[in-house]
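Understanding the architecture of this molecule
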Amino acid sequence: MKSNQSSNRYARQIQFSPIGENGQAGIRQSTVAILGCGALGTVVAEILTRAGVGELRLIDRDVVEWSNLQRQALFDENNATEGHSKAEAASLHLARINSEVRIEPIVLDITSENIERTLSSSDLVIDAADNFLLRFLLNDWSLKHHRPWVHGGCVGATGQVYLFDGNGGPCFRCLVPEPPPAAAVDTCDTAGVVGSATHAIASLQATEAIKWLSGNREMNRTKLLSIDLWNNRIRELSLPPQLRDHCVACGKHQYDFLEGTHAVASESSAVLCGRDAVQLQTNEEGVDFVRIAERWQAAGRVQQTRFFVRLHLNDEQSLTLFKDGRAVITGTDQIATARSILNRYFGG
Ligand SMILES: [Zn+2]
């Protein structure tokens, strides 16, 4: 009975003639990685899960906070109260939507050192990241491995979308040759963001992905689309082939972000913008959560999941250790304070 009902699941999508049975098979055979489970990533993940993609890899380093709920689909108040990992919370929700999709949550800070192994089996990557450096890294990866990614970004009520196919360029770095200084970039933390705008941009990203995966690649956009939903403006930007001539990445094949040789190296510690939290890197990967949790029992309430162990020091301050060796200290924006909390409870 169940299989009869579920065989109907993709009927409306298959009925749409450009997709059809063949397109649906293409979607089902695909593995898609989503870099970032925030406003864009959760919406793309839901659309692709409902569309019947074969495998989804959800990659995110953060935990759910109350300020996420205004726009980030898939999360609820319980996730925010408990501070669940975004990748895990999203995948639990998605598994209830479509049990046929293999969903792998990956709680990880993507760096030049782990991006190649993390994305190795992905046919397509969704850029749902909230930082510029990750895009440069993804761009290098895409060009080196000839794999497509769907760029998306949204701040305020304005966003843009484009699929970079990884086949020689023009590429993202043709558009933005160098990462802008952090202070020059509006982010959701400084300029705010409207939930309807992020849903619209994510929806456009998912559409580009579905065209590609269903074999309708001639229908992918040939111009970068930029939409200002508040001021009712739509612009399209051409990417002429000659941009490649001056591009370090697609022109000269120098992948300095991927090789970790770019001057703007990713910092090992960072104040997490707008979060009143600091991230530090410990030298220990694969931390023994059980041992740590035992040691912390006397110091405060301890929370332990498959992905992290967390000590609540008081109402504001907490220390969270992740499997990849990161520590996030909330309740402070001072690196020195964060470091001293980490040293006190974990060791330097
Ligand atoms: Zn380029």
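These lines cover the structure that appears in this document, whether it is placed above or below. Computed from a predicted model, the values in this text were never measured in an experiment. (Residues numbered from 1 in each chain as written. Predicted model: local features only at pLDDT ≥ 70, side-chain atom pairs only at ≥ 80, totals over all residues.)

1. Focus: helix α11 (residues 195-213)
This is how the line gets drawn: The numbering of helices and of strands both runs from the N terminus, where a helix is a DSSP run of H or I of at least 4 residues and a strand a run of E of at least 2. To estimate the expected span of a helix, count its residues, drop one, and scale the result by 1.5 Å.
The end-to-end C-alpha separation of α11 is 27 Å, in line with the 27 Å expected for 19 residues at 1.5 Å each. Residue Gly215 follows α11 closely and has a positive phi angle near 85°.

2. A few points about the sheet that holds strand β14 (residues 326-330)
As a reminder, the rule being used: Strands were regarded as paired on the criterion that DSSP finds at least two bridges between them. To obtain each axis, a line is fitted to C-alpha atoms, and for helices this fit is confined to the stretch in contact; angles are then taken between N-to-C directions over 0 to 180 degrees. Any pair of residues counts as being in contact when their C-beta atoms, constructed from backbone geometry, are within 7 Å of one another.
Strand order in this open sheet of 6 strands is β9-β10-β14-β13-β12-β11, and the pairing throughout is antiparallel. The open sheet has two free edges, formed respectively by β9 (270-272) and β11 (301-304), since each of these has just one partner strand. For this sheet, the mean angle separating the axes of adjacent strands, direction not counted, is 20°. Across the sheet, helix α13 (residues 335-345) is in contact with β9, β10 (277-281), β12 (308-312), β13 (318-322) and β14; its angle to β10 comes to roughly 55°.

3. A look at the pairing of strand β2 (residues 55-60)
Keep this limit in mind: With C-beta atoms placed from the backbone, a residue is labelled by how many other C-beta atoms lie within 10 Å of its own: buried for 20 or more, exposed for 12 or fewer, partly exposed between the two. Think of it like this: strands point away, you trace from the first strand over the helix to the second, and a clockwise trace means the crossover is right-handed.
In terms of residue burial, β2 counts as a mostly covered element, since 5 of its 6 residues are buried. Relative to β2, strand β1 (residues 31-35) is paired through 5 bridges, and the arrangement is parallel. Bridged to Ala33 within β2 is Arg57. Tracing the backbone out of β1, into helix α4 (residues 39-51) and back to the parallel element β2 gives a crossover that is right-handed. Judged from the 6 bridges that link them, β2 and strand β3 (residues 102-107) form a sheet pairing that is parallel. What sits directly across from Arg57, in β3, is Glu104.

4. Here we look at the environment of Ser99
Looking at the secondary structure, you find Ser99 in the loop between α6 (86-97) and β3. Its 11 C-beta neighbours within 10 Å are what place Ser99 among the exposed residues. Separated by 78 residues in the primary sequence, Ser99 and Glu21 have C-alpha atoms spaced 20 Å apart.

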